[in-house]
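Here are the chains, one letter per residue:
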Amino acid sequence: MNTRSKITALGMVMLSFAFSGTASAQQMKEKTVMVGGAPMYPSKNIIENAVNSKDHKTLVAAVKAAGLVETLQGAGPFTVFAPTDAAFAKLPKGTVDNLVKPENKAMLTKILTYHVLPGRYSAKQIWAEVKAGNGKAMMKTVEGEELTFWAKGKNLYVRDSKGNDAKVTIADVNQSNGVIHVIDTVLMP
């Protein structure tokens, strides 16, 4: 290798370190929230972040089975109440396996879109709605039915149409196209 080739190769290596350092510095400047052992970057969309959470493998698989990946990568904004794998495990045995079958796509889509509000709602905004509603707030989901929000102590809860309550365990996980609030129970329309 001649001197010119060595200098060119060295320059390329230095540039790659510079660019990778810039990307890391960019990500370090972002205020991330840890979910499922992974940092959630506000500059990434809902899907780009969710796929990295080890606590949301079932949700990601369900979103893929329902064909909602492209939608949740879109501009939004969306407020997603994201059940953990442990939340899905609370469902009767075989429920998830049955829902992800192609013939049950419509039902799966209905359940998943019931976990989404159109718009971006922080926990603080939902708390304000609860306070203004004398202890509860009703908000319409993308699916079309309403969820009921209420608070107990310092905890925010969401109740589905069946009367099941889910606790918000991690609030305000900001995304480029919305916000995620992690919940401990799957909501059913």
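Let us look at the structure shown here.

All right, on to the pairing of strand 6 (residues 146-152) then. Summarising the sheet, strand 5 (residues 136-140) and strand 6 pair through 5 bridges and their orientation is antiparallel. Bridge assignment links Lys-136 to a residue of strand 6, and that residue is Trp-150. In textbook terms, the turn of a hairpin is the stretch between consecutive antiparallel strands, and for strand 5 and strand 6 this stretch comprises 5 residues, one of which, Gly-144, has a positive phi near 120°. Two strands pair when backbone bridges link them, and strand 6 and strand 7 (residues 155-159) are joined in this way by 5 bridges, in the antiparallel orientation. Bridging across to strand 7, Phe-149 finds its partner in Val-158.

What follows concerns the sheet that holds strand 7. In spatial order, the strands read 4-3-9-8-7-6-5; together these 7 strands make up an open sheet with mixed pairing. Each edge of the open sheet carries a strand with a single partner, namely strand 4 (116-118) and strand 5. Averaged over neighbouring strand pairs, the angle between their axes works out to 30° when direction is ignored. The pairing of strand 3 (residues 78-83) with strand 4 spans 3 bridges and is antiparallel.

Under the defined criterion, the tally for this structure stands at 2 aromatic pairs. Taking 5.3 Å as the distance between ring centres and 45° as the angle between the ring planes, the aromatic pair formed by Phe-81 and Phe-149 counts as tilted. Of this pair, Phe-81 sits in strand 3 while Phe-149 sits in strand 6, and the two are 68 residues apart along the sequence. Residue classification places Phe-81 among the buried positions, given a relative accessible area of 1%. Summarising the aromatic geometry, the rings of Trp-150 and Tyr-157 are spaced 4.4 Å apart at their centres and angled 15° between planes, so their arrangement reads as stacked. When its relative accessible area of 18% is taken as the criterion, Trp-150 is described as buried. Given a relative accessible area of 15%, Tyr-157 falls into the buried group.

It is worth spelling out the side chain of Asn-45 at this point. Inspection of the secondary structure puts Asn-45 in the loop between strand 2 (38-40) and helix 2 (46-50). Of note is the side chain of Asn-45, whose polar atom sits 3.0 Å from the backbone nitrogen of Ile-47. Once residues lying within four places of it in the same chain are set aside, the contact partners of Asn-45 are Leu-72, Gln-73, Gln-175, Ser-176 and Asn-177.

Taken together, strand 6 and the strand that follows it, strand 7, pair antiparallel across an intervening segment of 2 residues, in which Gly-153 is found at a positive phi of about 60°. Count of turn residues in the strand 7/strand 8 (residues 165-175) antiparallel hairpin: 5 residues, of which Gly-163 carries a positive phi of about 90°.

Now for helix 3 (residues 57-66). Turning to helix 3, its buried residues number three or more, namely Leu-59, Val-60, Ala-62, Val-63 and Ala-66. Down the axis, helix 3 shows its buried residues gathered within 160° of arc, on one side only. At its buried positions, helix 3 is contacted by helix 2, helix 4 (69-73), strand 3, helix 5 (85-89) and helix 7 (105-113). At the exit of helix 3 stands Gly-67, carrying a positive phi of roughly 75°.

Next up on the list: the pattern of salt bridges. Taken as a whole and assessed by the stated rule, the structure comprises 3 salt bridges. For Glu-145, the salt bridge identified is with Lys-110, shortest N-O distance 3.6 Å. One end of the pair, Glu-145, is in the loop between strand 5 and strand 6; the other, Lys-110, is in helix 7, with 35 residues separating them in the sequence. Looking at Lys-110, the relative accessible area reads 32%, which means it is partly exposed. Three or more residues joined by partner-sharing salt bridges are found here, namely Lys-110, Glu-143 and Glu-145.

Basis of the calculations
Residues numbered from 1 in each chain as written. Predicted model: local features only at pLDDT ≥ 70, side-chain atom pairs only at ≥ 80, totals over all residues. Heavy atoms only, no water. Pairing = 2+ DSSP bridges. Helix = DSSP H or I, 4+ residues; strand = E, 2+ residues; numbered from the N terminus. Axes fitted to C-alpha atoms, helices over the stretch in contact; angles between N-to-C directions. Phe/Tyr/Trp six-rings, centres within 6.5 Å; stacked < 30°, edge-to-face > 60°. Buried < 20%, exposed > 50% of the residue type's maximum accessible area, 1.4 Å probe, protein only. Polar contact = N/O pair within 3.5 Å; in protein donor to acceptor, adjacent residues only side chain to side chain. Contact = heavy atoms within 4.5 Å. Arc of directions from axis to C-beta. Salt bridge = Lys/Arg side-chain N within 4 Å of Asp/Glu carboxyl O.

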